[in-house]
Each structure stands twice: as structure tokens, then as C-alpha cells.
Amino acid sequence: MKRARIAVDGEIHAGEYRDGVVETDDETFVVGEDGHLAPPCDPSALYCVGRNFAETLDQMEYDVPDQPAFFIKPPASIVAHEEPIPYPTFSDEVTYAGELCAVVDERCHDLDADEVPEVIRGYTIMNDVDALDQPGRTARKAFDGSGPLGPWIETDLDPHGIDMHTEINGERRQEANTELMLFDPDEIVAFLSERFTFRPGDVIAFGSPANPGVIEPGDTVEITYEGVGTLRNEVAPPER
């Protein structure tokens, strides 16, 4: 099942998404006519794992980590499906990365890997927008618009062994399978849960294959994960 949220006249309605329609318990909304898709959840934080594909390590000349390397994006980083990504005014080298994400369904802490599926609401997609020329991981990755998220949450998905690809203006730039991850998704959630108490709606992103290039204003980024869908955003010019 796909669970989506739609913004209608300033209010957010949550329900099942099917064929361009969001059905709540009481109402039916047509996406694009009644409103637009909102971010699929309302996290307190986005916990992001990097360096989780060998291809990325080779490209960036990183050492193989002995445990997941992570960073955190704030809620202000979120951009919904089909909303523009604001190109940051402070950077001249902005990259993209298509990532599968888990969405937490209940408050939890210090999980074992085999307990993780019980607390996950489902899976969605994030674009890890990176101002690559900035000093330090937080300055590079945690800013307004650096976490496009959506389009919805797929509740019936095994995150293991699924294909993904990213296209920029229709040209394929990334292609991989989640079986190539160095750390298993359930292991990542368990690892982070020892350090953080997760809250409903929190997002855990599992990393991306090699980052193949930059994006510019006017580019359209489409990230597809098999069984989930496609997250699509256009890059907007800097707002000065």
C-alpha cells in the first residue's frame, strides 16, 4: 500500500494513494486538482548514512568504514515531490544522490536488527542534495532544501535486492541495486537506534551509489526505486 499526504487549502490530509488519488477515511482528493502531494511524513530528523556503497568509496577515495558513517539533516531540509529544489546561494558545486529511506512508525530505542521490521511504517525516497564545495559534512548536507523526500510511503516492501536509478533531464546517471550496500538496512536502523530514540515519522536514509555529477538550475532530477516509485524535483535558481 502507498500512504501519502496531500496539502489542500493549507491543511494536510493523509490516506492511501492510488492512481493519482489520495483516499482518507472520510474524503477523496485528486492530486493536481484538489491539492499537491506533501512530504510523506513529518520527521523530527532525517538520519542519513553515507559511504554505504563500494562504488562510492572508490569514487571518493574513502576507506571502507567498520561501522555506518552517519549525519543528520533537519526537518527544514525537506522538499516535497514535484516541489522545486532551491539552489543554495552559498555554493557553486551542488550534487545529488538517490537514496532509499525507512520511515519509523513508533517511538523506539536500542533495537536488534530482527526487531526493525516491526517498527518501520514503510519506505520512501530521498535526494541527498550536497553543497560539495562547503567545509565539513554538516555545512555540505544540512540546509534548506537539501532533503527532497517522497513521493509517498510504500508499506509493503522488502528493501533487500531492489533496483534503483537516477535520471537528470532524462539521462540516466545512477543505476544500482540495494544488495550492493555495505551495511544492511535493518542493521543500520538497529545501529542508529542505540544512539538515538526514534519518533514516529523519523527518516533513516541508507546511502547512495556513486555520485555522478552536479546539478544546475533548470535540471529535473528523477530518482526511482523499484517497488516504491519516482521522486521528481526541478532545481530552481538561487533566491538572492
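**A word on the overall build of the protein chain**
At step 1: Tallying secondary structure elements over the protein chain gives four helices and 19 strands in all.
At step 2: Relative to the compact-globule value of 18 Å for 240 residues, the protein chain shows a C-alpha radius of gyration of 17 Å, a close match.
At step 3: Based on the C-alpha atoms only, the size of the protein chain along its principal axes is roughly 50 × 45 × 30 Å.
At step 4: Classification of the 240 residues of the protein chain by burial places 54% in the buried group.
At step 5: Accessible surface computed for the protein chain: about 10800 Å², of which carbon and sulfur atoms make up 42%.
At step 6: Computed over 17 positive and 51 negative side-chain charges, the inter-centroid distance for the protein chain is 4 Å.

**What to know about the pattern of salt bridges**
At step 1: Tallied over the entire structure, the rule returns 13 salt bridges.
At step 2: The partner of Glu16 in a salt bridge is Arg18, and the shortest N-O contact between them spans 2.7 Å.
At step 3: You can call Arg18 partly exposed: its relative accessible area is 47%.
At step 4: Here the salt bridges do not stand alone but share partners, grouping Lys73, Asp128, Asp130, Arg140 and Lys141 into one network.

**Some details on the environment of Ala131**
At step 1: Looking at where Ala131 falls in the secondary structure, it is placed in strand β13 (residues 130-131).
At step 2: When sequence neighbours within four positions are dropped, the list of residues in contact with Ala131 reads Phe90, Ser91, Glu93, Arg140 and Phe143.

**Some words on helix α4 (residues 185-193)**
Structurally, the α-helix is built with 3.6 residues per turn, so residues lying three or four positions apart point the same way.
At step 1: The buried fraction of α4 is high, at eight of nine residues.
At step 2: Within the sequence span of α4, burial applies to Pro185, Asp186, Ile188, Val189, Ala190, Phe191, Leu192 and Ser193.
At step 3: Those residues of α4 that are buried lie in contact with β6 (46-50), β7 (69-73), α2 (116-119), β12 (120-127) and β17 (203-205).
At step 4: For α4, the N-terminal cap is Asp184; the gap from its side-chain oxygen to the backbone nitrogen of Asp186 is 2.8 Å.

**Some words on the nonpolar core**
At step 1: By size, the foremost hydrophobic cluster in this structure holds 43 residues, and its most contacted members are Leu100, Leu192, Phe198, Ile204, Phe206 and Tyr225.
At step 2: In terms of residue count, α4 provides more of this core than any other element does, five residues in total.
At step 3: If we skip the residues at most four places from it in the chain, Leu100 touches Tyr123, Thr124, Leu157, Pro159, Ile162, Thr178, Ile204, Ala205, Phe206, Gly207, Tyr225 and Val228.
At step 4: Within the second largest apolar cluster, twelve residues are counted, among which are Leu46, Cys48, Phe71 and Val203.

Rules of the game
- Residues numbered from 1 in each chain as written.
- Predicted model: local features only at pLDDT ≥ 70, side-chain atom pairs only at ≥ 80, totals over all residues.
- Heavy atoms only, no water.
- Helix = DSSP H or I, 4+ residues; strand = E, 2+ residues; numbered from the N terminus.
- Rg over C-alpha atoms; globule rule 2.2 N^0.38 Å.
- Buried < 20%, exposed > 50% of the residue type's maximum accessible area, 1.4 Å probe, protein only.
- Areas by Shrake-Rupley, 256 points an atom, 1.4 Å probe, with all protein chains shown as cover.
- Lys, Arg positive; Asp, Glu negative; His and termini not counted.
- Charge placed at Lys NZ, Arg CZ, Asp CG, Glu CD.
- Salt bridge = Lys/Arg side-chain N within 4 Å of Asp/Glu carboxyl O.
- Contact = heavy atoms within 4.5 Å.
- Polar contact = N/O pair within 3.5 Å; in protein donor to acceptor, adjacent residues only side chain to side chain.
- Core = buried A, V, L, I, M, F, W, Y, C linked by side-chain atoms within 4.5 Å.

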